[in-house]
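Report on the structure
Residues per chain are reported as follows:
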Amino acid sequence: MVAADAPSTAAAPTLLEVRDLRIAYHGETALQGVNLEVREHEIFGIIGPANAGKTSFLKALNRMDEETAGMSVHGEVVFGGRDVRRWRNVYALRRRIGVVFPLPVGLPLSVYDNVALAPRLAGIRDRAELDVIVERCLERASLWDEVKDRLSSLGSLLSGGQQQRLTIARALSQEPQMLMLDEFSIAVDPVTTMRIEDVLKELRHEMTIILVTNLVQQARRLADRTAFFLEGACVEIGDTEALFRGEVQDPRTRAYLEGRFG
Amino acid sequence: MFEATTQNRRDRRTQTLFRVLFGAMTVLLIIPVLIILGTLIVKGGPIVSINFLFTNPTHGMTAGGIFPALLGTVWLVSVALLASVPLGVAAAIYLSEYAGDNWLTRIINLAIINLAGVPSIVHALFGVGAFVLFFEFGTSILAASLTLAIMTLPVVIVSTLQSLQSVPHAFREACWNMGATRWQTIRKVVLPNAISGILTGIILEVSAPPARPPRSCSPVRCSSPPFCPRACSTRPWPWPCICSWSPPRSRTSRRPCPSVSPWS
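Being a predicted model, the structure only gives us computed values, none of them experimental.

1. Brief notes about the overall build of chain A
Helix and strand counts for chain A come out as ten helices and ten strands. On C-alpha atoms alone, chain A measures out to a radius of gyration of 18 Å, which is about the 18 Å that the 2.2 N^0.38 rule sets for 262 residues. With respect to the three principal axes, the spread of C-alpha positions in chain A is 55 × 40 × 35 Å. Scored against the burial criterion, the 262 residues of chain A give a buried share of 44%.

Below, the structure is given as structure tokens:
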């Protein structure tokens, strides 16, 4: 259930607009004809079975397709009013978008350095300032209590759930406008998943969140609006509550939501 | 049901036989090493002393110390390292982190593999031609070191490449997604992680050439000065003649090798 205190996003301005997005790997189409928009301060869920093109979609948003060999992207992605391909400084674009991956990645630096990496890259050198940023990000990621006594221990030695929260803390340290989570809970235990979901519900007040998940119930719990991707196409987008009530337009969506495949 | 059948007994015998066989072969391998080490320590041990290390050979190298050879090796290896390590590591970083999968990268890889396969006598001749004659370094430590550097370059590149590629790609992707440039990612995450592997490769490679007499002899012999590094009479510290180029005027006035002691 979407929380009762969720702000109404119907009238919110559009942060991200995607028009006719086509993605191909070495000529083979992975995604085509995607048109959608994501509004500010909403949690936008993307559900769908494997190989539907959900991860490729995320990659196209922050131009990570340029780092992948053989991936070609056509169409328009407008982020914050500007076409993403026209941003000359792709690093500035990526700094505005935080990403959380399916497999937890704790960089082989100390926990402190993990979270301080983005601010340091942005030029902040003052130790006191970095301390404040690190503590704030770890607090918001619900990890501070567990690591506050071992900030200098290696980030890659934390448990999976802790590493995933560390990834979120790292993403938060960038002060992003948008946070993209790609199936963040598949390698994480249920308790940590619930904690992270609570974190996301808090974070929606400050940023926009795109949540790709293969857990239909997770989308139901968190997302305001949900898109259903199937075999390289965006089949349907709608208000989450409405979709789960049965007001779907496409029979395939209904079949997926009812668990008949996926 | 659990009693040993004839088949079981045969299997167990075969198993024991092979275990003993392989164990024996391993022991056979170790015996020569032990003999060599033992002879070295027993026969050579009493002779090694500070005096031995720091005096010159006398009587046509049948008595005295090994100082010039020691010094020469130190110089040789240091300069070779200085020349090959930065170049090799930089090349490996380029190939691992920046290079795309195109024809240029393939040519570079081919060149490195070929360089590794060149026989050392060809390296020696190249060293003589390029460093001793063309650049006019003369027969000097510099020429020998540079030749050695070229010999060790492919191994440094390959071992650095392997260390860099053993860093999981997920780390790099995480950094790129954060807006870090390639160099920032390399500097902050990839290199620190790979540095121990890189250093191991360098140490292993560097210890090998000077200790491989038949193979490395020719490059070193052809391009380096006779066993006694000439001390420049104008310098107090035992600098060997790094470069035997000198202005024409003083060429005839060089002192012959054996009478110059490094400390004079």
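Okay, back to it.
2. A word on the overall build of chain B
Secondary structure assignment for chain B yields ten helices and two strands. For chain B, the sequential pattern of α-helices and β-strands runs α-α-β-β-α-α-α-α-α-α-α-α. Within chain B, the fraction of its 264 residues that count as buried is 30%. Across chain B, the fraction of contacts at a sequence separation of at least 24, relative to all contacts at a separation of at least 6, is 73%.

3. Side note on the nonpolar core
Ranked by size, the top nonpolar core spans 116 residues in total, and within it Ala169(A), Met180(A), Ile209(A), Ile210(A) and Leu211(A) carry the most contacts. Among the elements that line this core, the one with the most residues is helix H6 (residues 141-165) of chain B, at 15 residues. Setting aside residues up to four positions removed in sequence, Ile209(A) forms contacts with Ile43(A), Phe44(A), Leu179(A), Leu181(A), Leu200(A), Leu203(A) and Arg204(A).

4. A look at the confidence of the model for chain B
Residues and elements named next belong to chain B. When pLDDT is averaged across chain B, the result is 78; 78% of the residues are at 70 or more. Counted against residues more than four places away or in other chains, residues 211-217, with its pLDDT under 50, gives four contacts. Here the complex is predicted with pTM 0.76, and the ipTM for its interfaces comes to 0.89.

5. Considering the pairing of strand S1 (residues 14-25) of chain A
All names here are of chain A. Sheet topology places S1 next to strand S2 (residues 28-39); eight bridges connect them, and they run antiparallel. Note on S2: the bridge partner recorded for Leu16 is Val38. Once S1 ends, the chain turns through two residues before running back antiparallel as S2, passing His26 with a positive phi of about 50°. In the sheet, S1 pairs with strand S4 (residues 71-79) via eight bridges, with the strands oriented antiparallel. Looking at the pairing, Glu17 lines up with Val78 of S4.

6. Topic: the interface of chain B and chain A
With 14 residues of chain B in contact, the opposing surface of chain A contributes 18 residues. Looking at the side of chain B that touches chain A, the elements with two or more residues in it are helix H7 (169-177) and helix H8 (182-207) of chain B. Here the side of chain B that touches chain A is built from residues that sort into seven nonpolar, five polar and two charged.

7. Here's the deal with the sheet that holds strand S6 (residues 97-100) of chain A
Residues and elements named next belong to chain A. The strand order S6-S7-S8-S3-S9-S10 describes an open sheet built from six strands, whose pairing is mixed. Looking at the sheet topology across the chains shown, the edges are occupied by S6 and strand S10 (233-239). Pairs of neighbouring strands in the sheet enclose a mean axial angle of 15°, with direction left out of account. The pairing of strand S7 (residues 178-182) with strand S8 (residues 208-213) spans five bridges and is classified as parallel. In the sheet register, Met180 faces S8, and the bridge partner there is Ile210. Each of strand S3 (43-47), S6, S7, S8 and strand S9 (225-230) is contacted by helix H1 (residues 54-61), which is oriented at about 155° to S7, the strand it contacts most. Packed onto the sheet, helix H6 (residues 160-173) meets S6 and S7 and runs at close to 175° relative to S6.

8. Things to note about unusual backbone geometry
Residue and element names in this part refer to chain A. Positive phi is not limited to glycine here, since Asp20 has a value of about 50°. Mapped onto the elements, Asp20 comes out in strand S1. With phi around 45°, Glu231 is a residue other than glycine that occupies positive phi space. Mapped onto the elements of the fold, Glu231 is located in the loop between S9 and S10. Classification of Glu231 by C-beta neighbours within 10 Å gives partly exposed; the count is 13.

9. Describing the domain arrangement of chain A
Residue and element names in this part refer to chain A. Under the domain assignment, chain A is made up of domain 1 (13-96 + 176-262) and domain 2 (101-175). Computed from C-alpha coordinates alone, the two centres of domain 1 and domain 2 are separated by 25 Å. In this assembly, 14 residues from domain 1 lie in contact with 15 residues from domain 2. Of all the secondary-structure elements, those providing two or more residues to the side of domain 1 that touches domain 2 are S7 and helix H7 (190-203).

10. Some thoughts on the sheet that holds S1(A)
Residues and elements named next belong to chain A. The sheet built from four strands is open, its strands ordered S2-S1-S4-S5 with antiparallel pairing. Each edge of the sheet is formed by a strand with only one pairing partner; in this case those strands are S2 and strand S5 (82-83). Sheet strands touched by H1: S1, S2 and S4. Its angle to S2, the strand with the most contacts, is close to 65°.

11. Focus: the packing of helix H3 (residues 67-98) of chain B against H8(B)
Residues and elements named next belong to chain B. Where H3 meets H8, the axes come as close as 11 Å, and the angle between the chain directions of the two elements is 135°. Put simply, H3 runs oblique to H8. The element H3 and its partner H8 pack so that their crossing is right-handed. Listed contacts from H8 to Val77, Leu81, Val85, Val89, Ile93, Glu97 and Tyr98 of H3 are Arg182, Ile186, Ile198, Ile202 and Val206. Grouping the amino acids of the contact of H3 with H8 by side-chain chemistry returns ten nonpolar, no polar and two charged.

12. What about the pairing of S4(A)?
Residue and element names in this part refer to chain A. Here S4 pairs with S5 via two bridges, running antiparallel. Bridge pairing links Val78 to Asp83 in S5. Here S4 folds back onto S5 in antiparallel fashion, the turn holding two residues, of which Gly80 has a positive phi close to 60°.

13. Brief notes about H7(A)
Residues and elements named next belong to chain A. In this model, H7 (14 residues) spans 20 Å end to end at C-alpha, consistent with the 20 Å of a helix rising 1.5 Å per residue. Along H7, the residues classified as buried are Thr192, Ile196, Leu200 and Leu203. The arc that holds every buried residue of H7, seen down its axis, measures 85°, which confines them to one face. Exposed residues on H7 whose side chains face more than 90 degrees from its buried face are Pro190, Val191, Met194 and Glu202. Summarising the contacts, the buried residues of H7 are in contact with S3, H6, S7, S8 and helix H8 (216-222).

Analysis parameters
Numbering of residues starts from 1 in every chain and runs along the sequence as written. Each chain is given a letter, starting from A, and each ligand a number, starting from 1, according to the order in which they appear as written. Local features in this predicted model are restricted to residues whose pLDDT is 70 or higher, and side-chain atom pairs enter the listing and the counts only when it is 80 or higher, whereas totals over whole chains, interfaces and linings include all residues. The numbering of helices and of strands both runs from the N terminus, where a helix is a DSSP run of H or I of at least 4 residues and a strand a run of E of at least 2. It is over C-alpha atoms that the radius of gyration is taken, and the globule rule equals 2.2 Å times the number of residues to the power 0.38. Using C-beta atoms placed from the backbone, we call a residue buried if 20 or more other C-beta atoms fall within 10 Å of its own, exposed if 12 or fewer do, and partly exposed for counts in between. By definition, residues are in contact whenever their C-beta atoms, placed on the basis of the backbone, come within 7 Å of each other. As used throughout, a nonpolar core is a set of buried Ala, Val, Leu, Ile, Met, Phe, Trp, Tyr and Cys residues joined through C-beta atoms within 7 Å of each other. Per residue, pLDDT captures the predictor's confidence, and it can take any value from 0 to 100. Two strands pair if DSSP finds at least two bridges between them. Classification convention: Asp, Glu, Lys, Arg as charged; Ala, Val, Leu, Ile, Met, Phe, Trp, Tyr, Cys, Pro as nonpolar; all other residues, Gly among them, as polar. Angles here are taken between N-to-C directions and fall from 0 to 180 degrees, while the axes themselves are lines fitted to C-alpha atoms, restricted in helices to the stretch in contact. Reported domain spans reflect what an automatic or database domain assignment gives. Every angle not falling under 35 degrees, over 145, or within 65 to 115 is termed oblique; those three ranges are roughly parallel, roughly antiparallel and roughly perpendicular. The crossing is said to be left-handed when, going from far helix to near helix, the turn is anticlockwise and less than a right angle, and right-handed when the turn is clockwise. Residue count minus one, scaled by 1.5 Å, sets the expected span of a helix. What the arc measures is the spread of directions leading from the helix axis to the C-beta atoms.

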